[in-house]
Amino acid sequence: HPNSKKTWAVHYDTPKALFEACDELGVGKIIQISALGIEACDVPYATSKLAAENFLKTIKTPSVILRPSLVVGRGAYGGTALFRGLAGLPYFTPIPGDGQQMFQPILLEDLSKAICHLVEMPFEGCRIYSAVGPERITMKSILSTLRAWLGFPASKVIYIPRSLIRWVSKLGDWIPYSSTNSTSYEMMQQSNIATENETQAFHERIGF
């Protein structure tokens, strides 16, 4: 079952202690991996992430906050685990709501490359970048693309009412390590894209 206290311990208390230690020791730079869309969501995952960002802005050590959209890679889990699970079902593909929620995926390898570039760059103060790829894509397209990537044939698409998904996600809260839970549901309901200016600023900064 989602535990707000544990979520805050992982996403706020621990980073806060690390940031304070870095500040004391005179570390040259901090790079924090946050998440896109946390300002518009009130689940503990989002609010604790945002609180960690706000604390990071108060210390003197230069920092960069990266807010990725959906991170895609063979070793990437979290939100993509839910998408892979939906895409891999036999015979049909369930689409949450109308499937038109927008994402701006970034490859895990590209995110890692961006971090390596940012480590080498001089910074002052705290900078925030939306770590996104160049293409906006709907949830429906993501699921069909993932299904093909997994090697499965095309399937019948079934649109699932959000009320039913909310009910299933609440059941998933009680299943250990379930990718279908209230947090993933709430984060999935909103579009997860950056503005054109935010996208351009990130790409220009990392140089690719």
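Residues numbered from 1 in each chain as written. Predicted model: local features only at pLDDT ≥ 70, side-chain atom pairs only at ≥ 80, totals over all residues. Heavy atoms only, no water.

### What to know about unusual backbone geometry
Now for step 1: The backbone phi angle of Tyr91 is positive, close to 75 degrees, even though this residue is not glycine.
Now for step 2: Considering the arrangement of structural elements, one finds Tyr91 in the loop between α3 (79–87) and β4 (92–96). (Helix = DSSP H or I, 4+ residues; strand = E, 2+ residues; numbered from the N terminus.)

### Re helix α1 (residues 4–25)
Now for step 1: Under the 1.5 Å per step criterion, the end-to-end length of α1 is 31 Å for 22 residues, consistent within 8% with the ideal 32 Å.
Now for step 2: Looking only at α1, the buried set comprises Thr7, His11, Tyr12, Pro15, Phe19, Cys22 and Asp23.
Now for step 3: Structurally, α1 contributes buried residues whose contacts are with β1 (30–33) and α2 (44–56).
Now for step 4: The positive-phi residue at the C-terminal boundary of α1 is Gly26, with phi of around 75 degrees. (Expected span 1.5 Å × (residues − 1). Buried < 20%, exposed > 50% of the residue type's maximum accessible area, 1.4 Å probe, protein only. Contact = heavy atoms within 4.5 Å.)

### A look at the sheet that holds β1
Now for step 1: Strands sit in the order β1-β2-β7 across an open sheet of 3 strands; the sheet is parallel. The open sheet terminates on both sides in strands that have one partner only, identified here as β1 and β7 (126–131). Direction aside, neighbouring strands of the sheet carry axes that sit 20 degrees apart on average.
Now for step 2: Sheet analysis places strand β2 (residues 63–68) next to β7, joined by 6 bridges and oriented parallel. By the bridge assignment, Pro68 is partnered in β7 with Ala131.
Now for step 3: On top of the sheet, helix α4 (residues 108–120) reaches β1, β2 and β7; it is set at about 165 degrees to β2, its chief contact. (Pairing = 2+ DSSP bridges. Axes fitted to C-alpha atoms, helices over the stretch in contact; angles between N-to-C directions.)

### Some thoughts on the pattern of salt bridges
Any two side chains of opposite charge can pair, on the condition that their charged atoms come close.
Now for step 1: Scanning the model with the defined rule gives 4 salt bridges in all.
Now for step 2: The closest approach of N and O atoms between Arg67 and Glu39, which form a salt bridge, is 3.3 Å. Of this pair, Arg67 sits in strand β2 while Glu39 sits in the loop between β1 and α2, placing them 28 residues apart in sequence.
Now for step 3: With its nearest N and O atoms 2.5 Å apart, the salt bridge here joins Arg67 to Glu53. Taken together, the positions of Arg67 in strand β2 and Glu53 in helix α2 put the pair 14 residues apart, joining distant regions of the chain. Assigned by exposure class, Arg67 and Glu53 land together as buried.
Now for step 4: One salt-bridge network, in which partners are shared between bridges, spans Glu39, Glu53 and Arg67. (Salt bridge = Lys/Arg side-chain N within 4 Å of Asp/Glu carboxyl O.)

### A look at the nonpolar core
Now for step 1: Among the nonpolar cores identified, the biggest contains 13 residues, and Leu66, Leu118 and Phe202 are the most heavily contacted of them.
Now for step 2: Counting only elements with at least two residues in this core, the list comes to β2, α4, β7 and α8 (196–206).
Now for step 3: Broken down by element, this core gets its largest block of residues, 3 residues, from α4.
Now for step 4: Excluding residues that lie within four positions of it along the chain, Phe202 makes contacts with Leu66, Ile106, Ala114, Tyr129, Ser130, Ala131 and Val132.
Now for step 5: Core analysis: the second largest hydrophobic core is formed by 12 residues, Leu86, Ile95, Met139 and Leu143 among them. (Core = buried A, V, L, I, M, F, W, Y, C linked by side-chain atoms within 4.5 Å.)

### Quick notes on a nonpolar patch on the surface
Now for step 1: There is a patch of nonpolar side chains on the surface, built from Leu89, Tyr91, Phe92 and Ile158 and spanning about 400 Å² of accessible area.
Now for step 2: Its location among the elements puts Leu89 in the loop between α3 and β4. (Patch = residues over 30% accessible without salt bridge, like charges linked within 9 Å, V, L, I, M, F, W, Y side chains within 5 Å. Areas by Shrake-Rupley, 256 points an atom, 1.4 Å probe, with all protein chains shown as cover.)

### Here's the deal with the packing of aromatic side chains
Now for step 1: Enumeration according to the criterion identifies 2 aromatic pairs in this entry.
Now for step 2: Centre to centre, the rings of Trp8 and Tyr12 are 5.6 Å apart; their planes meet at 65 degrees, and the pair counts as edge-to-face. On the criterion of helical spacing, the pair formed by Trp8 and Tyr12 is a turn pair, its members being 4 residues apart in helix α1.
Now for step 3: By relative accessible area, Tyr12 is classed as buried at 18%.
Now for step 4: Summarising the aromatic geometry, the rings of Phe83 and Phe103 are spaced 5.6 Å apart at their centres and angled 85 degrees between planes, so their arrangement reads as edge-to-face. Remark: Phe103 occurs in strand β5 (residues 102–103) and Phe83 occurs in helix α3; sequence separation between them is 20 residues. Phe103 matches Phe83 in its accessibility class, with the two residues each being buried.
Now for step 5: Geometry around Phe208 places Lys113 over its ring, the cationic atom sitting 4.3 Å from the centre. (Phe/Tyr/Trp six-rings, centres within 6.5 Å; stacked < 30°, edge-to-face > 60°. Lys NZ or Arg CZ within 6 Å of the ring centre and 35° of its normal.)

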